[in-house]
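Chain residues, written in single-letter form:
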Amino acid sequence: MLMEYFDRFARDYQPYKKRAWCYEDGCIYRGLECLHKSTGDPRWKDHLVRMVDARMEPGPALRGYDPNSCNIDNVLPGRALLYLREITGQARYLHAAGLLAGQLATHPRTQSGVYWHKLRYPWQVWLDGLYMGAPFQVGYGLRIGDEALIADTFSQVGRALAMTFVPATGLYAHAVDEARKQPWANPLTGQSRAHWARALGWLAMALVDLAELAGPERFAPLCAATVSLLEGIEAVRRSDGLWLQVIDRPDLAGNNEESSASATFVYSLLRGNAPGFWNGAPDGFLQRLTDIALRPCAAGELEFVEICEVAGLGTFEDRFRDGSAEYYLSERRVSDDAKGVGPLMMAAAADLERAQGREPLRASQ
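Position numbers for residues count from 1 along each chain, tracking the sequence in the order it is written. With the structure being a predicted model, the display of local features is reserved for residues of pLDDT at least 70 and the display and counting of side-chain atom pairs for 80 or more, all residues being used for whole-chain, interface and lining totals. Computation of side-chain values: all heavy atoms of the structure, hydrogens and water removed.

(A) Inspection of the overall build of the protein at higher detail. Each helix corresponds to a stretch of at least 4 residues labelled H or I by DSSP, and each strand to a stretch of at least 2 residues labelled E; elements are numbered beginning at the N terminus. What the protein contains, in helices and strands, is 12 helices and 12 strands. By principal-axis analysis of the C-alpha atoms, the protein measures approximately 50 × 50 × 45 Å. Taking all 365 residues of the protein together, 57% fall into the buried category. Residue contacts are defined here by distance: any two heavy atoms, one from each residue, within 4.5 Å place the two residues in contact. Of the contacts formed within the protein by residues at least 6 apart in sequence, a portion of 71% connects residues at least 24 apart. Method for areas: the Shrake-Rupley scheme with a 1.4 Å probe, in which residue coverage is limited to the protein chains shown. Carbon and sulfur atoms provide 50% of the accessible area of the protein, an area that totals close to 14,400 Å². Neither His nor the chain ends is counted toward charge; the positive residues are Lys and Arg and the negative residues Asp and Glu. We put the charge of a Lys on NZ, of an Arg on CZ, of an Asp on CG and of a Glu on CD. Charge centroids of the protein, computed over 39 positive and 45 negative side chains, lie 3 Å from each other. Only protein chains enter the accessibility calculation, which uses a 1.4 Å probe. A residue is then buried if its area is under 20% of the maximum for its type, exposed if over 50%, and partly exposed in between.

This is the structure in structure tokens:
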């Protein structure tokens, strides 16, 4: 049932931003990559090739991609380029990935050396951006044999974790403004106020993906923080198996269970489940998520429901997003959004790998 839903979704999927290169499409690319790796079924590769090739142009160029916007979100789909280079041997995919690597080579950084989230968000580091950029940079560094690029990635992630960590909760703020100028930022810490679940989901997925890509020796400095984060996420899981939009506030009226974040957490907990790394009990996590959030729609087909369409900080479309818990609850919830379905694909692939007995992540000894 779940694979048929994914196949139909991929078959009917329309580009998220008028055929422009974007991270939302990248979520689906990553989901298809994970499904292809875990199943070997060529349909997932075929969907991926069809979607990615439609965004590529001679040059090389990526349709609608502007490196001058310095948008770290746009780097995420580059992981699909690296995967397609690996499985097809075609150099054009690596050449296109080089465009994204070129953006990162001149991407503005905070004084502490971490990439800005976007040019229009100066001096700001968002958890979202760690997922969008760090695994690609490590993957690209591995592909071209650039250890300095890999080391830079881990240095940035370590600094970002230190900047966003909230001692009172043991979790991480959605974002931090190093300049302490944004109205949403705490004037002392620069951190945003509430713990938005999907932001923590991006972070968790970034960390477990980095662990798998780089191996235990390179990942060792981040291992303890990752274990702590996974334990903290599991501790606030609801009794039915999902997580709240504002993850640590069950007391907050109207605080809804949010399915895209729940999918990111299921993926992360499954991929990170290992003795010495994080030894939770992930059996049934995916089933509980799909039992609740994968529902028949009016047409009789399944849809993935209760996905936060978008959330952020600062001014966007004539609206100021203040980072409060109440703000996150005000965002619209939709069905079958790429930011939910992509992580659900990843979670399904991770669950299948667990059932197949694939060796999980290992902590550094």
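(B) Representation of the packing of aromatic side chains. Here is the rule: rings of Phe, Tyr and Trp (six-membered ring for Trp) pair when centre to centre is within 6.5 Å. Planes less than 30 degrees apart are stacked, more than 60 are edge-to-face, and the remainder are tilted. Enumeration over the complete set of coordinates arrives at 14 aromatic pairs. With 5.5 Å between their ring centres and 35° between their planes, Phe-9 and Tyr-13 make a pair best called tilted. Given the relative accessible area of 9%, Phe-9 is considered buried. Linked through ring pairs, Tyr-5, Phe-6, Phe-9 and Tyr-13 together constitute an aromatic cluster.

(C) Quick peek at the pattern of salt bridges. Salt bridge, as used here, is a side-chain nitrogen of Lys or Arg placed within 4 Å of a carboxyl oxygen of Asp or Glu. Under the counting rule described, the total for this entry stands at 25 salt bridges. The salt bridge involving Arg-218 is made with Glu-147; its shortest N-O contact spans 2.6 Å. Placement of the pair is Arg-218 in helix H8 (residues 197–235) and Glu-147 in helix H7 (residues 147–164), with a sequence separation of 71 residues. You can call Arg-218 partly exposed: its relative accessible area is 30%.

(D) Representation of helix H1 (residues 2–12) in the model. Among the residues making up H1, those that are buried are Leu-2, Tyr-5, Phe-6, Arg-8, Phe-9 and Ala-10. Tucked inside the fold, the buried residues of H1 contact helix H2 (23–39), helix H3 (42–53), helix H10 (285–293), strand S7 (294–296), strand S8 (302–304) and helix H12 (338–356).

(E) Spatial organisation of the side chain of Arg-271. Tracing the sequence through the fold places Arg-271 in helix H9 (residues 259–271). Of note is the side chain of Arg-271, whose polar atom sits 3.0 Å from the side chain of Glu-212. Think of a polar contact as two N or O atoms within 3.5 Å of one another; within protein, one of them needs to be a possible hydrogen donor and the other a possible acceptor, and neighboring residues in sequence only count if both atoms come from side chains.

(F) Spatial organisation of unusual backbone geometry. Of the consecutive residues Gly-59 and Pro-60, the connecting peptide bond is found in the cis state with omega at 0°. By the element assignment, Pro-60 lies in the loop between strand S1 (56–57) and strand S2 (61–62). One non-glycine residue with positive phi stands out, namely Arg-180, at about 60°. Given the relative accessible area of 37%, Arg-180 is considered partly exposed. In this structure, Glu-317 is a non-glycine residue whose phi angle is positive, near 50°.

(G) Layout of the environment of Asp-25. Take Asp-25: it is sitting in helix H2. In this structure, the C-alpha to C-alpha distance between Asp-25 and Pro-77, residues 52 residues apart in sequence, is 7.0 Å. Apart from the residues within four sequence positions on either side, Asp-25 is in contact with Tyr-13, Pro-15, Tyr-16, Ala-20 and Arg-55. Only 2.6 Å separates the side chain of Asp-25 from the side chain of Tyr-13, close enough to count as a polar contact.

(H) Local environment of the packing of H10 against H12. At a minimum axis separation of 10 Å, H10 and H12 run at an interaxial angle of 145°. The chirality of how H10 crosses H12 is left-handed. When H10 is examined against H12, the residues Leu-286, Leu-289 and Thr-290 are found in contact with a partner set consisting of Leu-344, Ala-347, Ala-348 and Asp-351. A breakdown of the residues in the contact of H10 with H12 according to their chemical character gives 5 nonpolar, 1 polar and 1 charged. All axes are obtained by fitting lines to C-alpha atoms, using only the stretch in contact for helices, and the reported angles, taken between N-to-C directions, cover 0 to 180 degrees. Put simply, a crossing is left-handed when the front helix is turned counterclockwise from the back one by less than a right angle, and right-handed when it is turned clockwise. Polar here means any residue other than Ala, Val, Leu, Ile, Met, Phe, Trp, Tyr, Cys and Pro, which are nonpolar, and Asp, Glu, Lys and Arg, which are charged; Gly is therefore polar.

(I) Seen up close, the environment of Val-266. Relative to the assigned elements, Val-266 resides in helix H9. Spatially, the C-alpha atoms of Val-266 and Ala-347 are 5.9 Å apart, while their sequence positions differ by 81 residues. Leave out the neighbours within four places in its chain, and Val-266 touches Trp-243, Phe-285, Leu-286, Leu-289 and Ala-347.

(J) Highlighting the nonpolar core. Core analysis: the largest hydrophobic core is formed by 124 residues, its most contacted members being Tyr-5, Phe-6, Phe-304 and Leu-344. It is H8 that provides the largest number of residues to this core, a total of 20 residues. Each nonpolar core is a collection of buried residues, namely Ala, Val, Leu, Ile, Met, Phe, Trp, Tyr and Cys, held together in the definition by side-chain atoms within 4.5 Å.

(K) Main features of the state of the cysteines. Pairs of cysteine sulfur atoms within 2.5 Å are what we label disulfides. Counted according to the given criterion, the structure contains 0 disulfides. Free of any disulfide, Cys-308 has its nearest neighbouring cysteine sulfur in Cys-27, separated by 13 Å.

(L) Broad picture of the packing of H1 against H3. Between H1 and H3, the least distance of the axes is 10 Å, while the angle of their chain directions is 20°. As far as their axial angle goes, H3 and H1 are roughly parallel. Of the two possible hands of crossing, H1 and H3 adopt the one that is left-handed. Judged by residue contacts, Met-3, Phe-6, Asp-7, Ala-10 and Arg-11 of H1 engage Arg-43, Trp-44, His-47, Arg-50 and Met-51 from H3. Residue composition of the contact of H1 with H3, grouped by class: 5 nonpolar, 1 polar and 4 charged. Reported orientations rely on four angle classes, namely roughly parallel under 35 degrees, roughly antiparallel over 145, roughly perpendicular from 65 to 115, and oblique for the rest.

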